[in-house]
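Spelled out from the first residue to the last, the chains are:
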Amino acid sequence: MTARRLLLLGPPGAGKGTQAIRLANQLGIPQISTGDMLRAAVAAGSEIGKTAQAHMDAGELVPDHVVIGVAEERLGQSDATDGFILDGFPRTRAQAEALDGLLPKLGCKLECCIALTVDPEELVARLLKRAEIEGRADDNEKAIRTRMAVYEEKTEPLIDHYRAKSILALVDGLGEVDEVAVRITAALG
Ligand code: AMP
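First, a word on scope: everything that follows refers to the structure included in this document. (Residues numbered from 1 in each chain as written. Predicted model: local features only at pLDDT ≥ 70, side-chain atom pairs only at ≥ 80, totals over all residues. Heavy atoms only, no water.)

## Remarks on the pairing of strand β4 (residues 112-117)
Of all the six residues making up β4, five are buried; the element is thus mostly covered by neighbouring parts of the structure. Bridge analysis of strand β1 (residues 5-9) against β4 gives four bridges, and the strand direction is parallel. Bridge pairing in β4 places Leu7 opposite Cys113. Pairing geometry for β4 and strand β5 (residues 168-172), over five bridges, is parallel. Counterpart to Ile114 in the pairing with β5 is Ala169. (Buried < 20%, exposed > 50% of the residue type's maximum accessible area, 1.4 Å probe, protein only. Helix = DSSP H or I, 4+ residues; strand = E, 2+ residues; numbered from the N terminus. Pairing = 2+ DSSP bridges.)

## Quick look at the pattern of salt bridges
Pairing is possible between side chains of opposite charge, provided their charged atoms come close. According to the stated counting rule, one finds 11 salt bridges in the structure shown. Salt-bridge contacts for Glu111 lead to Arg5; the nearest nitrogen and oxygen are separated by 3.2 Å. Remark: Arg5 occurs in strand β1 and Glu111 occurs in the loop between α5 (93-105) and β4; sequence separation between them is 106 residues. Under the relative-accessibility criterion, Glu111 is labelled partly exposed at 32%. In this structure, Lys50 and Glu47 form a salt bridge, with 3.5 Å as the shortest nitrogen-oxygen distance. Placement of both Lys50 and Glu47 in helix α3 (residues 47-58) is noted, with a separation of three residues, approximately one turn of the helix. Note on accessibility: Lys50 and Glu47 belong to one class, exposed. (Salt bridge = Lys/Arg side-chain N within 4 Å of Asp/Glu carboxyl O.)

## Thoughts on the site of the ligand
Near the ligand lie 15 residues; those nearest to it are Thr34, Arg39, Glu60, Gly88 and Gln95. One nitrogen or oxygen atom from the main chain of Glu60 is found 2.6 Å from an oxygen atom belonging to the ligand. Side-chain polar atom of Arg91 to a nitrogen atom of the ligand: 3.0 Å apart, as the coordinates give it. When the ligand sits alone it has 480 Å² of accessible area, and the protein chains cover 95% of it. Here the shell around the ligand is built from residues that sort into six nonpolar, four polar and five charged. (Near = heavy atom within 4 Å. Polar contact = N/O pair within 3.5 Å; in protein donor to acceptor, adjacent residues only side chain to side chain. Areas by Shrake-Rupley, 256 points an atom, 1.4 Å probe, with all protein chains shown as cover. Nonpolar A, V, L, I, M, F, W, Y, C, P; charged D, E, K, R; others polar.)

## What about the sheet that holds β1?
Spatially, the five strands line up as an open sheet ordered β2-β3-β1-β4-β5, and their pairing is parallel. Looking at strand neighbours, the two that pair on one side only are β2 (31-33) and β5, the edges of this open sheet. Sheet twist, expressed as the average angle between the axes of neighbouring strands with direction ignored, equals 20°. (Axes fitted to C-alpha atoms, helices over the stretch in contact; angles between N-to-C directions.)

## Topic: the packing of helix α2 (residues 34-44) against helix α4 (residues 64-75)
The geometry of α2 relative to α4 is characterised by a closest axis approach of 10 Å and an angle of 105° between their N-to-C directions. Taken as axis vectors, α2 and α4 run roughly perpendicular relative to one another. In this structure, α2 uses Thr34, Met37 and Leu38 to contact α4, whose residues at the interface are Val67, Val70, Ala71 and Arg74. (Parallel < 35°, antiparallel > 145°, perpendicular 65-115°, else oblique. Contact = heavy atoms within 4.5 Å.)

## Quick look at α2
Residues spaced three or four apart along an α-helix face the same direction, because each turn holds 3.6 residues. Residues of α2 that are buried: Thr34, Gly35, Leu38 and Ala41. End-on view of α2: buried residues confined to an arc of 125°, all on one side of the axis. In this structure, α2 carries Ala43 and Ala44 as exposed residues pointing more than 90 degrees from its buried face. Of the surrounding elements, those touching the buried residues of α2 are β2, α3, α4 and β3 (84-87). With its phi angle positive at about 70°, Gly45 sits one or two positions after the end of α2. (Arc of directions from axis to C-beta.)

Dropping the structure here:
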């Protein structure tokens, strides 16, 4: 049976969000993106949004306790009981450990971590292009370089965390959206 409790890991600009949405639709499970939830909090002007905004605009991580709270609340909602795809969470060791502690309480465990691999220079080019199209505040070149450095320092080590649990699938993220989607489906096979 295909795994239904998934995590998509990958550097900024690797196409995580796009692939997460496709996979969520394909499997009939919710995509849980902490980035989307934080952007909604910023737009709503909530306390969480106020805390998050400066970090996000600078391309830095929002503090662990804030993001862990947001993710825990979302994972506890009823539509996540039959599966979910985490997109952009966890991003630090503390977040991964919080998730390891939370899922057994919800009566489940992570079944697969798909890690997208893409050459960093290719990613910076992609992000700059997205900046032109979408005008995201965190898509200026300085913030992009910060996000890439933060990924390498804080998030990339999580690949080993999931390798050690024997649930890691490395997927080449270079190429057209459809090609990458086929590789992901094959990896879940
Ligand atoms: P994303 O849309 O996933 O690229 O997230 C956009 C921004 O939201 C990131 O650059 C961070 O500032 C913040 N963010 C999203 N998810 C997390 C997380 N798990 N931990 C810390 N910050 C996060």
